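An overview of the molecular structure
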Amino acid sequence: MKKITRRSFLKTTAQAAAVTIAAPVVLPEGWYSFASPAPTGYFENEFDISDSLCQKILAKALAKGGDYADLYFEHTISNYIMLEDGKVNRAYSDVALGAGIRTVKGDQVGYGFTQEMTEESMLNAAGTAATIANAEATKPASKFRWIVTKSYYPTDFKIVSAPLESKLPIVQSVNDKCFSLSSLITKVNATFHDQQKRIMVVTSDGAKAEDLLPRNYISAFVVAEKDGKREQAGWNFGGRRELAAYTDAAVADVAKKAVDSAVVLFDAVQPPAGEMPVVLGPGLTGVLLHEAIGHGMEADFNRKKISTFATMIGKKVAEPFVTIVDSGTIPNLTGSINFDDEGTPSQKTVLVEKGILKGYLHDKISAKHYKVKPTGNGRRQSYQHYVVPRMRNTYMEAGPASPEDVIKGAKNGIYVEDVSNGQVKIGEGDFAFYVSQGRLIEDGKLTAPIKDINIMGNGPKMLANITMMGSDLEFFTGGGGACGKAGQAAPCSFGQPTCLVKSMTVGGRR
Amino acid sequence: MNKEMQELTAWAIKTAKAAGANDSKVSIGSQRNVEISYRQRKPETIKEATTKQLYIQIFANGRYSQQTTSDLRKDALKDFIGNAITATKLLAEDPYRTLPDPKYYEGRKKMDLGTVDPQHAKFSPEERHNLVKAIESAALEKGGDKVISVTAEENDGHSESVTMTSNGFEGYEEDTFYVAGAEMTVQDEGDRRPNGYHYVVTLNKKDLPSAEEIGAECARRTMNLLGAKKIKTETLPIIIRNQGVGRIFGGFLQAMFGRSIQQKQSFLAEKKGTQVGSKHFTLIDDPFVKRGLGSRLFDGDGFATKKRTMIDKGVLKDFYVDWYYSRKLEWEPTTGGPSNLIVPPGKRSVKEIMKDLDRGIFITGFIGGNSNPTTGDASIGIIGQLFEGGKPVQAISEMNISDNHLKFWNKLVEVANDPYPYSSMRFPSMVFEDIVVSGL
């Protein structure tokens, strides 16, 4: 085998590198105009990953009789530039290059990976993966067909290769804007993160897919001081976008949300403890949906019968105005993907339709188990991890009620605006999420701000307890959202209309 | 010391200098990991890999950046370092960014911390499989007919790293580790399927409990979740199981870092020398615990490590202040982060304390929650048992505790005699009184 060049790898390290990724195309406005991600042959051109080499590695992975094997090649460049104490004075960069080889036998998985894109290293990794099986060798497909899909984000973006000088002013302006909005602000931390992840998936059943995923965001985190008290808050904006998305207006919006959120907390009160009606505001509160419902609908948990939703397919789980969707096809959102990490094209997957549980989120293993088609949810953090079913962008569809009526419907309770750190116990369905900011609802009206309380509930009970759904579906457009599962983080987002849950446990102190 | 890694690290330092860095710090690390899990008495996953990484900090013209790469070929590294230095020079100047004063490197102890198990290299694939199979068997046996699923796992590895700075620091670290455990799901009433787990982490295989103990403990913990329900909101004493204390202490710890203080994100910033907890709250940072998971002879800045009393009978004695934030704060640096955290154990067992308290909540786990380091406010979901007459009577779920750290740690009334050995936070179970437990 000839020596692998890694030309691009040498070129694309760190911020100052000049990267030529693909022929530049001027993109018109609007997601529907994104160019289709036609295969560029990147890994063959740069690392000599030919079809014949892929066949050889797949054959090794199936040498002990696996049902299926796949190869995942990745070259990711990540940059962070950060501001502290008024100056953009630190930068972090990371280059990740490697290949992961998976062998599947029934529901068993063997996995090996290497950081060296040499034939010898990849064959060794394939040998490790193969040990999951113990039978006669099986053969991979003799030819591969490119999977070409629609694109839900710019795939010929230039954000990583854009000169550092073009990004520094964005971070500086976040800082300046925050300080200009309130004299109470005493500290600002601002960050700009950009990443390009180039992947190629090659499967033993003959599929081959290539993608270039952008991920980027700006964030502001502020500390405010008033009368000897301090409060903190933050906000971020991003997703799978181009540098042009970070306009003055976007910067101003991030700064305003961070500053307003911190300043209002000086008037915050503690809510009472115990069960009460909870209204979820639109957008970010979709974290609750993600935790309380979404994880329980990942098919691996149901295949193993360890999810509380394992026996609920076809059953009524909510009122008819509740429809829950997980979609990888929403333009520019962090959880959008053109195809998943097994090469299955992305799609909109309906989980609950008009209150009836319709299906789960599948990778190829669970789809085979349930005898359904995979839903494009087979995802992984990187080449160092094997695929598991993961959410993409999960949301409830808009309902019939006005947001004002939903709040009135609660009469007395709490209104949740900003949340962080959710967690669920899949088998019990019990979940918790942390309310960084919200309001009391008193006599049907929003009153005093509240902060720093945990809310507890149970997924199936919460679904059944949704009594009103607003018409104001919003998606969370922050770029920093990531979900943890099986020791892996995967970018995701969520959406939520204003929604009334008639009873949840609020962790107050009185 | 790995000679090849040592030579490459020294070469990277020289290369950075030649490419225009005033100073640099380079670490090269290598890790080999094996993971095996079993379910339904057959392997569910097998994973094995070796990873390598170079991490470089660049100080150029008063500017600073950090970079990582997994491509350790010299020609690739030369370009990587050159590009990184060019980029660094575009950033704003930061007068506080320098390598540490070398005087803090001095005084490093010469002792064997026992972080390497010499037998690790002989840990065979067959032994690994046998360990996992035995854990699964024990869990299934103890779980009985309630069991829906058991996944048993082991994960072990060996890692080493070489770190050098351009102003004379050189350090080598090597360790082995073993993780063994299981998670179990059992059938409860209706659609509830409680899921419990038990994992242990050690540096030496000799410190692992037997596979039978691990599996049986997983089953015991899972069965204790059966029949869980919410009880009414009330003020009660709570006992937090040793393994869980670290989760709630994490919110307190966050406020002890120099960065949090300098960035005004610490509720402890002005509390040094004052009472931040009850007299039962003593915290020692000890980097020299034999086979301790946080043991080390030098810290992230290269400082020679020291044993420190961070909190003494409730009085805050020290912070974690690294070199950079010490310069910003104009304070003397201590160390950038914790090593092994020790709370001296008490005299009584949890069982004895429970009997004495009569009624309260024994918290065995947490769910969700968070802590605000700026204000000290914290709120977290709890899992555990209501005990009455000194005995567990009811599993609880969907419940929560909320407080401010400065009030919460003053409610600590006793520590038990059971420090948790499988973590760098070697905390015993702790007893707090007058806690509002939210439920119905």
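Predicted model only: the values in this text are computed from it and were never measured.

The rules we used
- Residues numbered from 1 in each chain as written.
- Chains lettered and ligands numbered in written order.
- Predicted model: local features only at pLDDT ≥ 70, side-chain atom pairs only at ≥ 80, totals over all residues.
- Core = buried A, V, L, I, M, F, W, Y, C linked by C-beta atoms within 7 Å.
- Buried ≥ 20, exposed ≤ 12 C-beta atoms within 10 Å, placed from the backbone.
- Contact = placed C-beta atoms within 7 Å.
- Helix = DSSP H or I, 4+ residues; strand = E, 2+ residues; numbered from the N terminus.
- Pairing = 2+ DSSP bridges.
- Domains from an automatic or database assignment.
- Expected span 1.5 Å × (residues − 1).
- Arc of directions from axis to C-beta.
- Nonpolar A, V, L, I, M, F, W, Y, C, P; charged D, E, K, R; others polar.
- Axes fitted to C-alpha atoms, helices over the stretch in contact; angles between N-to-C directions.
- Parallel < 35°, antiparallel > 145°, perpendicular 65-115°, else oblique.
- Left-handed = near helix turned anticlockwise from the far one by under 90°.
- pLDDT = per-residue confidence, 0-100.

The next subject is the nonpolar core. Residue and element names in this part refer to chain A. Ranked by internal contacts, the top residues of the largest apolar core, which has 183 residues, are A220, V222, A258 and V279. Residues within four places of A258 in sequence aside, it is in contact with C178, A220, F221, V222, A233, G234 and W235. If you look at the next biggest cluster of nonpolar residues, it comprises 68 residues, including L71, V109, M200 and Y383.

What follows deals with the pairing of strand β23 (residues 493-496) of chain A. Residues and elements named next belong to chain A. What you see with β23 is no split at all: S493 and G495 on one side and F494 and Q496 on the other are buried throughout. With three bridges joining them, strand β14 (residues 393-396) and β23 adopt parallel strand pairing. Each residue of the ladder has a partner; that of N393, found in β23, is S493. Note that strand β20 (residues 474-475) and β23 share two bridges and pair antiparallel.

Okay, the pairing of strand β5 (residues 185-203) of chain A next. Residue and element names in this part refer to chain A. When you tally the buried positions in β5, you get 17 out of 19 residues, the bulk of the element. Taken together, the 15 bridges between strand β1 (residues 68-84) and β5 define a ladder with antiparallel strand orientation. Looking at the pairing, M82 lines up with T191 of β5. Where β5 meets strand β6 (residues 207-226), 17 bridges bridge the pair, whose relative direction is antiparallel. Looking at the pairing, K187 lines up with V223 of β6. Between β5 and the antiparallel strand that follows it, β6, lie three residues; G206 among them carries a positive phi value of about 95°.

Residues and elements named next belong to chain B. The domain boundaries assigned to chain B delineate domain 1 (3-38 + 45-105), domain 2 (120-160 + 173-223) and domain 3 (234-438). One C-alpha centre belongs to domain 1, the other to domain 3, and the line joining them spans 34 Å. Between domain 1 and domain 3, the residue contacts involve five residues of the former and nine residues of the latter.

This paragraph deals with helix α6 (residues 248-264) of chain A. Residues and elements named next belong to chain A. Taking 1.5 Å of rise per residue, 17 residues should cover 24 Å, and α6 covers 24 Å from first to last C-alpha, within 8% of that figure. Every buried residue belonging to α6 is among V251, V254, A255, A258, V259, S261 and A262, and all of these are buried. The arc that holds every buried residue of α6, seen down its axis, measures 165°, which confines them to one face. Where α6 is buried, its residues touch α5 (164-181), β5, β6, β7 (229-239), β15 (413-424) and β16 (430-442).

The subject of this paragraph is the sheet that holds strand β10 (residues 315-316) of chain B. All names here are of chain B. Strand order in the open sheet made by the five strands is β10-β9-β8-β11-β16, with mixed pairing throughout. Unpaired on one side and paired on the other, β10 and β16 (425-426) mark the two borders of the sheet. Pairing of strand β8 (residues 283-285) with strand β11 (residues 341-342), which is carried by two bridges, proceeds in the antiparallel orientation. For D285, the partnering residue across the bridge sits in β11 and is L341.

Looking now at the environment of B:T305. Residue and element names in this part refer to chain B. Within the secondary structure layout, T305 lies in the loop between β8 and β9 (308-312). Along the sequence, T305 and S295 sit 10 residues apart, while their C-alpha atoms lie 9.5 Å from each other. Excluding anything up to four places from it in sequence, T305 contacts P287, R296, L297, F298, D299, T335 and S339.

Let us look at the domain arrangement of chain A. Residue and element names in this part refer to chain A. Here chain A is described as being made up of domain 1 (7-78 + 89-162 + 196-213) and domain 2 (274-506). Between the C-alpha centres of domain 1 and domain 2 there is a distance of 30 Å. Between domain 1 and domain 2, the residue contacts involve 27 residues of the former and 20 residues of the latter. Those elements that provide at least two residues to the side of domain 1 that touches domain 2 are β1, β2 (87-105), β3 (108-114), β5 and β6. When residues in the side of domain 1 that touches domain 2 are grouped by element, the largest group, six residues, is from β2. The residue inventory of the side of domain 1 that touches domain 2, partitioned by class, reads 16 nonpolar, five polar and six charged.

Facing 73 residues of chain A, the contacting portion of chain B comprises 65 residues. For the side of chain A that touches chain B, the element with the most residues is β2(A), which contributes 12 residues. Split by residue class, the side of chain A that touches chain B holds 28 nonpolar, 29 polar and 16 charged.

All names here are of chain A. Orientation of helix α3 (residues 51-61) relative to helix α4 (residues 119-130), taken along the N-to-C sense of each, is 30°, at an axis distance of 7 Å. With respect to each other, α3 and α4 are oriented roughly parallel. Between α3 and α4 the crossing geometry is right-handed. Each of L53, I57, K60 and A61 in α3 lies in contact with α4, whose residues at this interface are E119, M122, L123, A126, G127, A129 and A130. For the contact of α3 with α4, a count of residues per class yields eight nonpolar, one polar and two charged.

Okay, unusual backbone geometry next. Unusually for a residue other than glycine, A:K411 sits at a positive phi of about 60°. With respect to the helices, strands and loops of the structure, A:K411 is situated in the loop between α10 (403-410) and β15. Among the residues examined, A:K411 registers 14 C-beta atoms within 10 Å and is labelled partly exposed. You will see that B:R291, though not glycine, has its phi angle at about 60°, which is positive. Take B:R291: it is sitting in the loop between β8 and β9.

Residues and elements named next belong to chain B. Running from N to C, helix α3 (residues 125-143) and helix α4 (residues 211-223) point in directions that differ by 40°, and their axes come no closer than 7 Å. In this view, α3 runs oblique relative to α4, as classed from their interaxial angle. Note on packing geometry: the crossing formed by α3 with α4 is right-handed. In this structure, α3 contributes L131, A134, I135, E136, S137, A138, A139, K142 and G143 to the contact, and α4 contributes A211, E212, I214, G215, A216, C218, A219, R220, T222 and M223. Across the contact of α3 with α4, the residue classes tally to 11 nonpolar, four polar and four charged.

Our focus in this paragraph is the confidence of the model for chain B. Looking at chain B, the pLDDT average stands at 95 and 100% of residues meet or exceed 70. This prediction of the complex comes with two scores: 0.90 for pTM and 0.88 for ipTM.

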